Structures are given as C-alpha cells and as structure tokens.
Amino acid sequence: MTSQEWKFTAKDIAAKPDLFLSGHRACAGCGPATVLRLIMKATRGPTIVTEATGCMEVVSSIYPYTSWGVPWLHTAFETAASNASGIEAALKIMKRKGRIGQEHVDVIAFAGDGGTYDIGIQALSGAVERGHDFLFVLYDNEAYMNTGIQRSGGTPHGAATTTSPAGRVIPGKLEYKKPIANIMVAHDIPYVATASPYYWKDMLTKVRKGLEVEGPAFLHVFAPCPRGWRSDPAKSMEYSKLAVETCVFPVWESVNGQCQLSTPSTLVALAPQKKKPVSDYLQGQGRFRHMFKPQNKMLLEEVQRVTDERWKRVLKKCGETSKTA
Amino acid sequence: MQSIAKQEMMALAGDQAVAYAVKQSDVDVVAAYPITPQTIIVEKFSEYVANGEVETEFVCVESEHSAMAASLAASATGARAFTATASAGLALMHEMLFVTSGCRAPVVMAVANRALSAPLNIHGDHSDSMAQRDSGWVQMYAENAQEAYDSIIQAFRIAENSGVLLPAMVGLDGFTLSHTLENVEALLDEDVKAFVGIRKLPNVLTHEGKNVPFRLDPANPMTMGPIALQNYYFEFKRQQEEAMKNALAVIQQVNREYAKVSGRSYGDGLVEAYHLEDAEVAAICLGSTAGTMKTVVDELRQDGVKAGLLRLRTFRPLPVEQIRSALAGVKAVAVMDKSMSFGGNGGPVFHEVRHLLYDTSSHPYVVNYIYGLGGRDTSPTELRSIYENLQRILQAGRVETPIQYLGLRE
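Residues numbered from 1 in each chain as written. Chains lettered and ligands numbered in written order. Predicted model: local features only at pLDDT ≥ 70, side-chain atom pairs only at ≥ 80, totals over all residues.

Draft legend 1. A look at the overall build of chain A. If you tally the helices and strands in chain A, you get 13 helices and eight strands. Over its C-alpha atoms chain A spans a radius of gyration of 19 Å, differing by no more than 12% from the 20 Å that the globule rule assigns to 325 residues. In terms of overall dimensions, chain A has C-alpha extents of about 70 × 45 × 40 Å along its principal axes. With 325 residues in all, chain A has 57% of them scored as buried. Residue pairs in contact within chain A that sit at least 24 positions apart in sequence constitute 69% of those at least 6 positions apart. (Helix = DSSP H or I, 4+ residues; strand = E, 2+ residues; numbered from the N terminus. Rg over C-alpha atoms; globule rule 2.2 N^0.38 Å. Buried ≥ 20, exposed ≤ 12 C-beta atoms within 10 Å, placed from the backbone. Contact = placed C-beta atoms within 7 Å.)

Dropping the structure here:
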C-alpha cells in the first residue's frame, strides 16, 4: 500500500498495534515519545530501528525491559546513520546470498538534535552521500535534554539552556538554529521533509513517503520537551501547532529536490493575515521568559524579523510568491 | 593423518595477504576507511569488489568511527563483517571498540600497527593497539605476512565461536609487514570457505521462552545495545571476561585445526616458544621483531649461550598459564615493548608479564626494553645486546636499570 492509498484515519491508527510500547520512562507531555509512537504506527512492514543515544533511547531500553516491538539497535550518540548503513548493507547482501528471507525490510534511524545537528552530522552526511536506503528521523526537542538541557545546533536563538543561560550579560543562546533540513536537501537525496506531531496525518504520510522512496530519506520532526522548555506538559501539542502557525517551524517536503509547502503551512501562506506573532509561541515557555523583560524587547523583535525572513525563504524555495509574507 | 591441502605460492605484502584472506573468507560486509599503512587492504579489496570477485557489500565510509559503527551494525544484523585500520583510525574508533565488544559483535579487524601522533609518524609501532588493550577485543600479532593471512582466516572462527562472540583484531607491523613483499602460501578458495564456513549465529532465549538466532530479525524482535544500569551493567562486563577466558581454548583449537588444513601452526596459537626448553635468558616480544630475534637466538646458541625467545602471538586474552610455563626455567627475562605507557613504570607488555610472574616460584629477573617507536629500526646487534645484558644481570645477581630504551639517542 503506498502513501497515496493509505488513509491514516484516526481509526486506522488506533487499530494498528503499537510498536513503540507503553511502559517507557519518558516524562509527562514528552513530545518525542508521542512522535515515536505515532511514527511506528506508520511503518509498512518488517522494520529494523536503530537509535542514537539520547532521551528516547534511555527511556525505552532500560535493561531488562524494552519498549520496542521491532528489532532495535543502539550503539552510541553519533552513530544512528552509520548503524543504519551497516544494517542496510547487511540486509542487502544476506538477501542476495539467500541467507535471510526476500521480504523487504525498512530501516529507520532515530536521533535527537544532538545526534543529528551536532555529533551525528558527519555520519549522517556520509550515509546519505553513499545512498543507503533508510529513513532518518530527527526528533528535535531543541537541546541536549537527556544530559540536562544543554544547547545544541538545533536550539533556537534566545533560548536559555544550561550551557546558554540567560545571564546578566548574555541573554540566552546567541546563535540561530542550524537549517538542518536545508542541509539535507543540499545532499540531493530523494526525500526530505519537516513535520509537526500536531498535524499527525501530515507527519505519518511523510514517514510513509520516506520509507517508500529508494535511497535515503530525512524527516525533521518538531518535538516539544516540557522539561527542557520549562513549559506546561499539557501544552506540547499546542506548541507543536503554534510553531507552525507562527512560521517558527514551517512544514514542507522536498521530493527529488522539488520543495513544496505542506498543508498546515500552506494555510498560513494563503492567509498571511492569520499568521500569528512569534510571541504567541514563545510565551509560556520558560526558556524564553527573559525575552519578555522590557530590556530584551529588541531580542523579541529580532526573533520575529528572522522568523519572517526564514519564512520568506521557505516560500521562495517552495515556489510560493512573497505576496503571502 | 589428513593430508595438507594444495596451496598456491604468492608474492604478497602483508596488507595484500590480509585482503586476500578476507576475499576468501565469505565476508558479507566490509566497512572501512583508508589510512596509512592499512591503505593497501582497502584498495585491494575495492579492486575485488570492482571486478566482481567477491560477494561482499563494501561500505566506503567517511571515517573510522563510522567504519566500526557500520561493521558492528552489520554484525548485529547477522552478517560477517570485517574492517581494517591503523593508528589515528584506531584511536578514532576507540569509543566504538568498546561498544562492539559489549554488543558481542564478532567483527574482525586488521590493524596495520602504526605510531600515534604527535609528532605525526606513519611508521610501525604498537602504540595504537596497545592503547586499545582494555577494549574487550581479542588481540593477535602476526610475525610475517604469511601469519597475517593465516590469522585473519582464523580470526573469523575465533570471534564467531559461540563461547567467545567477541571482536578480534589482528595486528601486522606497519610497513615492516604491511608493505613488504613476502612469499605467502595461500589456501585455495574452497578450502578457506570450508574452514570458515557460513557465520553461525548462537541462539538466545527470548522473554517468551523461544530460542531464536542472536540478530536483528523482524520475525523475532530483539533489543540490542540497551541501557543497563547499576543493577545489570556489571554482569554484562563479567560475561565479557568469561568470553575472553573461553577464547584461550578456542584460539588453540583453531590453531590446531588450521594446521591440519594448511600445515602451518603458530606455537599453540597463543604463544610461540623458541629454544626455551633449557633457556636461562629469554626475551618476550610481539610481531615482526620475533623474526630477527630468532636469528639472534640462533647465533647466541652457536656461541653456547642458553638463549630463548617467547613470542606472544595472542595478547588478549593474555595467555597467563602458557607464559608462566614457557618461562618456568628461565632466570632472566627481557620484555620488549613497542609502545609506551607514559609515567607507568614500563611498557604495557612488561607490566603484564612481570605481574603474572609474581605468583610463580621461579621469580626470574624481569627487565623492560622499549624499542622501535615510530618505526625506528632495531638491528640484530642491538637485540643481541639485550641478551648480553641479561647475562650480566645473572652474573651480578641484580638489576641496575629495569627499564631501558633500545637504539635511542639520550
């Protein structure tokens, strides 16, 4: 069944047995846990998962328990993509030699922002350059949450983390979020997409598409972390929605280099007057609290300006005109 | 007695001999990154791939770290995996070496032993693999290109043995072996294939009470490389130690079986004694140095000196009993180290040999010679001076300088 035929109704999703099982030790309101559970619902057949060291790895595999209903391998922080390379190569040759069944096995690599943007980017770049057939899923909770909320290349500008604290002189992280999905598009791979779990149908369709293409696919998923963001655990999905509505995290896909906005972001593009100010998204998150102090007004304005600029670039890339900005 | 298989005499450098052994060993996945002096291995193997001479997925990775991660993952998927590296490449793999042994993935690796930076040096010594001695890998050191070839073939059998299930590295001295042409007798393809067989996976018991092969298999989902905390981690590590102990017998057994096919054996597989039966003075060394050392021992014997040599073919697991019994009658021992343990009161081989002799009754004098770092040549005259020093120690009845540097400007 292809992604076009698969309907991804709530009923289908509910009926499909979980492959990321309950009993894991994730925090209340954990975005990544929701993301993984949903993504595993979109698998299409035999699947092997490999995962970088990080939150989802430690919460799901505390020996002698496991939350994985599929074969799963963890080796290190920076090795999700290199593990996927080895698994895919092994499956290919063992199949050719007739040592395993001929049925296709999908390979999915999960990594957080540390395992993708930073320590894992070399292995990721190498693996996609070599063209291995696998889906790499980045669950982006925007800091090293597992080790206690340290900044990563995916931490947004202004966010306070334990290694980019909002101090008297420096107001949180000075640098901007690395455009990781664009970097992956620049690798000329068949499929790259961004997704937000609030728009779960869009996300799951993208998972399917990523699995269906021959060759490497990259999916960047927005994944709120109440613990690290100092946000209300009940509001993780709300932030997943606001991030798209404010264009902080536009959702789009690139199929063989052709970029296209996905429906949730298209709606914003078509009705720019409804585009929400970034402050709607930033407010309520403790990591941005200092930005709302009167003396940091400029910071807030800067984030709005840069978000608008990046949104314009996304629109341009996706062939939308700037009228919508 | 079974007759020895027909073999083909080839002129091969050590690296080529390794690549040829891998070609014959039905390896499923090779993931490697080139580094001097290992390059010939990957280049040669790439040729085999390009010419369709092997049924192997060659993953030309972007770093040694990924080489080991991919090899480990391929092995966890059930494939026979091989990689090769040296020096900085092995150092970059450091993290993954522990993960590979901890995951009980029987990856086989050739290490063209080379010095570590800084200063940069591409020549042979044992700094690279000695720095990995506690990584949970079986470590063997070849004396010549022939042994490099033979050991790679044997390593698959050793690593994949269900009682071992540990990764294994075979060291060959950079340039001295890796790049030097030697006559190598190669077995025929079918004989190697028969010797290594298809990788057999041990069965493990699932929580449902099923016996399933130990690999990533969608039919029998298994969680590999989990997090294990204070309550279980220690047991995992203890099991690795048990596997190392098991490897002692397996290495000997594989050495015997291989001798039946090839006619070649290396001592008992663990250590090789040379004129030790009645020796009073003896040296211990690893790798290619042993070749020169043997001629020195021959000369000394002609001069009436009761000299002997013990070559450690296997360094991990350390063949404690074999070393003790080989040195039982020796009165003075020189341990040779081609690497340093800075501030550690001698080199790593010295530490271990002197340590295991503490519990023997013979208590020979034990001195350390550090030599050959960065590929510095060691002459037969220099090697002979070691034995002369041991004789002086015996005459004087004491050791003046326990740690010495051979062929060094001071």
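Draft legend 2. Focus on the overall build of chain B. Helices and strands together make up the secondary structure of chain B, namely twelve helices and 18 strands. For chain B, the C-alpha radius of gyration of 21 Å lies close to 22 Å, the compact-globule estimate for 410 residues. With the principal axes as the frame, chain B shows a C-alpha extent of 70 × 50 × 50 Å. Out of the 410 residues in chain B, the part that is buried amounts to 54%.

Draft legend 3. Layout of the sheet that holds strand 18 (residues 403-405) of chain B. All names here are of chain B. Judged by pairing direction, the sheet is mixed, and its six strands sit side by side in the order 12-14-13-16-17-18 without closing on themselves. Edge positions in the sheet fall to strand 12 (271-274) and strand 18, since each of these pairs with one other strand and no more. With strand direction ignored, the average angle separating the axes of adjacent strands in the sheet is 20°. Bridging between strand 13 (residues 281-285) and strand 16 (residues 332-337) involves four bridges; their strand directions are parallel. Bridging from a neighbouring strand, isoleucine 284 pairs with valine 335 of strand 16. (Pairing = 2+ DSSP bridges. Axes fitted to C-alpha atoms, helices over the stretch in contact; angles between N-to-C directions.)

Draft legend 4. Local environment of the interface of chain A and chain B. Tallying the contact residues gives 39 residues for chain A and 39 residues for chain B. Going through the elements one at a time, strand 1 (47-51), helix 3 (55-60), strand 2 (72-74), helix 4 (80-96) and helix 6 (121-129) of chain A are the ones with two or more residues in the side of chain A that touches chain B. No other element matches helix 4 of chain A, which puts eleven residues into the side of chain A that touches chain B. When strand 2 of chain A meets strand 11 (residues 223-224) of chain B, the two strands line up parallel, connected through two bridges. In the sheet register, Trp72(A) faces strand 11 of chain B, and the bridge partner there is Thr223(B).

Draft legend 5. The environment of Tyr176(A), seen in detail. Residue and element names in this part refer to chain A. Relative to the elements of secondary structure, tyrosine 176 occurs in the loop between strand 4 (135-140) and helix 7 (180-185). Considered as a pair, tyrosine 176 and glycine 112 are 64 residues apart in the sequence and their alpha carbons are 17 Å apart. Ignoring any residue separated from it by four or fewer positions in sequence, one finds tyrosine 176 in contact with His157 and Val306.

Draft legend 6. Representation of the nonpolar core. Residues Phe110(A), Val137(A), Val18(B), Ile152(B), Ala168(B) and Ala282(B) are the most contacted members of the largest nonpolar core, which totals 231 residues. When residues of this core are sorted by domain, at least three fall in each of domain 1 (7-202 + 236-262) and domain 2 (271-405) of chain B. (Core = buried A, V, L, I, M, F, W, Y, C linked by C-beta atoms within 7 Å. Domains from an automatic or database assignment.)

Draft legend 7. Geometry of the pairing of strand 6 (residues 138-141) of chain B. Residues and elements named next belong to chain B. Burial of the side chains of strand 6 extends over both faces: Val138 and Met140 are buried on one face and Gln139 and Tyr141 on the other. Of the pairings in the sheet, the one linking strand 6 to strand 7 (residues 168-173) comprises four bridges and is parallel in character. Its bridge partner lying in strand 7, glutamine 139 is registered against methionine 169. With respect to chirality, the unit in which strand 6 leads through helix 6 (residues 145-160) into the neighbouring parallel strand 7 is right-handed. The sheet contact formed by strand 6 and strand 15 (residues 314-316) spans two bridges and is antiparallel. Opposite methionine 140, over in strand 15, you have threonine 314 as the bridge partner. (Right-handed = clockwise from strand over helix to strand, strands pointing away.)

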